[in-house]
Amino acid sequence: MRKFCLLAIACLQLVRLYAQEDSTTVALEEVVIKENRLEIPFAKSSRNITIIHKPELETTPARSLQEVLAFTPGVDVRQRGVSGVQADVGIRGGSFEQTLMLVNGIKLTDPQTGHHMMNIPVPLGSIDRVDILKGPASRIYGQNAYTGAINIITTLPDEKGLQAGLYGGDFGMRGGNVQLALPVGKFRQSLAVSHDASNGHWYNSDYKVSNIFYEGGFTLNDLHEVKTLLAFTSRDFGANGFYSSAFPEQWESIQTYLGAISHTYEKNNLWINSRAYWRRNEDEFRLFREDPAFFQNIHTTDITALEINGRYESSAGTSGFGAEGRTEKIDSNNLGERERTLLGVFAEHRVNFLQKGDLRAGVYSNYYSEYGWRHFPGAEIGYQVTEIMRLYGNYGVSFRIPTYTDLYYVGPTNIGNDALEPEKAVNYEMGIKLGGSNLRAELVYFNRHTNNLIEWARADAADPWQPQNFNEVTFQGLEAGLMYKFSSTENGLRIEEISASYNYIDANLVEQEGQETRYALNALRHQIIGGVRVSYNQSVELNLKARYIERMMLDPYFLLDARVDVHRMKKLGYFAECSNISNAEYIEAGTVQMPGRWFRAGVNFRLK
């Protein structure tokens, strides 16, 4: 901790000295946060939001989106192996079941289990940016956006292009990717394919991950646009230590399909988007890899959904409205054949006041065939004190429906509970943002109170885990972040960007007497992330990332990662990465011992 404090002070002094020497400024790009209804400039949002842009996706020492997210303040990525072969993502102390993943606003919820939330059928090279909304998002996106939402955004190309890459590394790691952009007149389209594989960093941890992603769009005229999306991902992996240390021969195979079609109408002050999508997830799990007859689970889930979202701008402000309908089916040898129906209605409005203030309020009303109607309000208020300073606060009610695993699973170490009720939380947040031409900084306090948290528990170590609705838990915390971009027209060695963040979370769980909990107190307590990006003659880039992670009731650890790119934006570029340079011993999830220091390197090709 002392080293990190000294590092932070040194970085701040470096900013001051460098700013005095460099009178040139660089304007940070204005970004519009694209929710399913309202679109709000990042600088005018009254939420704690982190945006990962494409250059950062390309230069971060990572082979998957899961690994990139691990460098995001307030986000807890818990991997069972390298390259995100299976990873759980939590926000602000929430579990993997309480974060909602989206692709271009399409929800990737899985009624079987939240472990499948990160089965993202989008190659890393196809992602344009990632928006991470922290705090309650049920009013915006509906159920399961309990502690936050992560929206993966892709864009359709305006010009033809080809990108390809190959890499290899330790543990027999190898992979490749191809992205093809082929617009034809008004029809824009892109196709991306990727494959990653490894022999594994320890016994029975090998994996193969393949992705195929196609997106197309056609502008009919000035008023109408149609888009389509087709995607597939396949993951086969040895699951030693993923769910239990008692069976090191565990193995799993998962295939996820996603298809969507949408239509957008925009005229004057009215914007309407309608969308239909289908998602299938096939999951085969074996307790003994070579003996499926010993214990085998085969699950197939299907989600079919129809959504309509819109907004209307008038002298009274901006109104957002929407409705959704969704069916969730499962066919499983363990969980049975089941089906449930969801209906939801959104309404919200945003107004300005006192010239510098704005207020946004709304409600999401939800009907589930098993639980009836529930209502989830929320509101945000912000005030632009100066051109670079903004104060804000928000309130929201969030909820999560139990998965079929929560309700009905039967296994040697886990048993479901069909008496579970949906969990609900009341959330508060207040913060201050600073944003100039080169600088962004933010300080946030949040509080989340739940009186019926769904948590896996047991009375004795010999008993199986079973989910319960606990009486009460409160998570509260502080988040602080700083990012500064330098600018200079000179060649040679120069600092491009520095960043630093600190997150603290405190949990007050009222446990049932005689019960041991599984997830609630494994959340982050302290998270410190620092980064610096350096370039030489605009042809060599070094991205250095450092993390200090301390979870509740677990040993802390320090990780240092680095990536070097040569001619990244040229036709032919090269890169080398090293993870865990500090060679730390650590566990993020299950009983999987993560690898020590490991390397990979590769080549990228671009053609436009």
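Residues numbered from 1 in each chain as written. Predicted model: local features only at pLDDT ≥ 70, side-chain atom pairs only at ≥ 80, totals over all residues. Heavy atoms only, no water.

A. Seen up close, the overall build of the chain. Within the chain, the secondary structure is distributed over five helices and 34 strands. A compact globule built from 608 residues would reach a C-alpha radius of gyration of about 25 Å, and the chain, at 24 Å, matches this within 12%. Its C-alpha atoms give the chain principal-axis dimensions of about 65 × 60 × 55 Å. The buried share among the 608 residues of the chain stands at 56%. Taking the intrachain contacts of the chain between residues at least 6 apart in sequence as the baseline, contacts between residues at least 24 apart amount to 62%. With the model as given, the accessible surface of the chain reaches about 25,200 Å², and the carbon-plus-sulfur share is 57%. In the chain, which carries 61 positive and 71 negative side-chain charges, the distance between the mean positions of the two groups comes to 6 Å. (Helix = DSSP H or I, 4+ residues; strand = E, 2+ residues; numbered from the N terminus. Rg over C-alpha atoms; globule rule 2.2 N^0.38 Å. Buried < 20%, exposed > 50% of the residue type's maximum accessible area, 1.4 Å probe, protein only. Contact = heavy atoms within 4.5 Å. Areas by Shrake-Rupley, 256 points an atom, 1.4 Å probe, with all protein chains shown as cover. Lys, Arg positive; Asp, Glu negative; His and termini not counted. Charge placed at Lys NZ, Arg CZ, Asp CG, Glu CD.)

B. A look at the confidence of the model for the chain. For the chain, per-residue confidence averages 90 on the pLDDT scale, and 94% of positions sit at 70 or higher. Residue range residues 1–28 is modelled with pLDDT below 50. Its contacts to residues more than four positions away, or to other chains, number 35 contacts. (pLDDT = per-residue confidence, 0-100.)

C. Spatial organisation of the nonpolar core. Grouped together as the largest cluster of nonpolar side chains are 33 residues, with contacts concentrated most on L65, L69, M101, I120, V130, I132 and I150. With sequence-adjacent residues up to four places away left out, L65 is seen in contact with L57, I120, L124, I127, V130 and I152. Counting 21 residues, the second-largest nonpolar core is a separate cluster that includes L335, L342, V397 and Y409. (Core = buried A, V, L, I, M, F, W, Y, C linked by side-chain atoms within 4.5 Å.)

D. Main features of the pattern of salt bridges. Taken as a whole, this structure holds 45 salt bridges when the rule is applied. Here E348 and R139 are joined by a salt bridge, their closest N and O atoms 2.7 Å apart. Placement of E348 in strand β19 (residues 336–353) and of R139 in helix α4 (residues 138–141) is noted, with a sequence separation of 209 residues between them. Of the residues examined, E348 reaches a relative accessible area of 7% and is grouped as buried. Among the ionic pairs, E284 bridges to R286, the shortest N-O distance being 2.8 Å. (Salt bridge = Lys/Arg side-chain N within 4 Å of Asp/Glu carboxyl O.)

E. Quick peek at the side chain of T154. With respect to the element layout, T154 can be found in the loop between β9 (148–153) and β10 (161–169). Separated by 2.9 Å, the side chains of T154 and N104 make a polar contact. Among the polar contacts made by the side chain of T154, one reaches the side chain of E215 at a distance of 2.7 Å. (Polar contact = N/O pair within 3.5 Å; in protein donor to acceptor, adjacent residues only side chain to side chain.)

F. The arrangement of empty space enclosed by the protein in detail. Going through the model one piece at a time under the given rule, you end up with 12 cavities of 30 Å³ or more. What lines the largest cavity is a set of 43 residues, and nearest its centre among them are R63, P123, L124, G125 and N177. Broken down by element, the lining of the largest cavity gets its largest block of residues, five residues, from β10. In this structure, the second largest cavity spans a volume of roughly 160 Å³. (1 Å grid on protein atoms, 1.4 Å probe; cavity = no way out; pocket = protein on both sides within 12 Å on 5 of 7 lines; lining within 4 Å. Points joined across faces, edges and corners; volume = space filled by probe spheres on them.)

G. Summary view of the sheet that holds strand β29 (residues 516–517). The strand order across the open sheet built from three strands is β26-β25-β29, with neighbouring strands paired in antiparallel fashion. In this open sheet, the two strands that pair with only one neighbour each are β26 (466–469) and β29. Two strands pair when backbone bridges link them, and strand β25 (residues 454–458) and β29 are joined in this way by two bridges, in the antiparallel orientation. Each bridged residue has a counterpart across the sheet, and for A457 the counterpart in β29 is T517. (Pairing = 2+ DSSP bridges.)

H. Structural detail: a nonpolar patch on the surface. Together, L180, L182, V184, L191, V193 and I212 make up a nonpolar patch on the protein surface, roughly 460 Å² of accessible area in all. By secondary structure assignment, the location of V193 is in strand β12 (residues 187–198). With relative accessibility at 38%, the residue V193 sits in the partly exposed group. (Patch = residues over 30% accessible without salt bridge, like charges linked within 9 Å, V, L, I, M, F, W, Y side chains within 5 Å.)

I. How the structure looks around the sheet that holds strand β7 (residues 106–107). One open sheet holds the five strands; their spatial order is β3-β8-β9-β6-β7, and the pairing between them is mixed. At either margin of the open sheet sits one strand with a lone partner, and together these are β3 (48–53) and β7. Pairing analysis gives two bridges linking strand β6 (residues 99–103) to β7, with the strands arranged antiparallel. Paired with L102 across the strands is K107, a residue of β7.

J. Highlighting the environment of A43. Looking at the secondary structure, you find A43 in the loop between β2 (39–41) and β3. Taking relative accessible area as the criterion, A43 reaches 34% and is therefore assigned partly exposed.

K. Broad picture of unusual backbone geometry. Backbone geometry at N204 places phi at a positive 55 degrees, although glycine is not the residue there. Tracing the backbone shows N204 in the loop between β12 and β13 (207–219). Classification of N204 as buried rests on a relative accessible area of 9%. Backbone geometry places N583, a non-glycine residue, at a positive phi of 55 degrees.

L. The pairing of strand β18 (residues 317–332), seen in detail. Relative to β18, strand β17 (residues 296–314) runs antiparallel, the two being bridged by 16 bridges. Residue E307 lies in a different strand from β18, and its bridge partner there is E324. Between the antiparallel neighbours β17 and β18 lie two residues. In terms of strand pairing, β18 meets β19 through 15 bridges, oriented antiparallel. Paired with S319 across the strands is H349, a residue of β19. Remark: three residues form the turn of the hairpin made by β18 and β19, two consecutive strands paired antiparallel.

M. Here's a closer look at the environment of N151. By secondary structure assignment, the location of N151 is in strand β9. By relative accessible area, N151 is classed as buried at 4%. Sequence separation between N151 and L100 is 51 residues, and the spatial gap between their C-alpha atoms is 8.4 Å. Every residue in contact with N151, bar those within four places of it in the chain, is listed here: K34, L102, V103, N104, G105, R129, V130, D131 and Y141.

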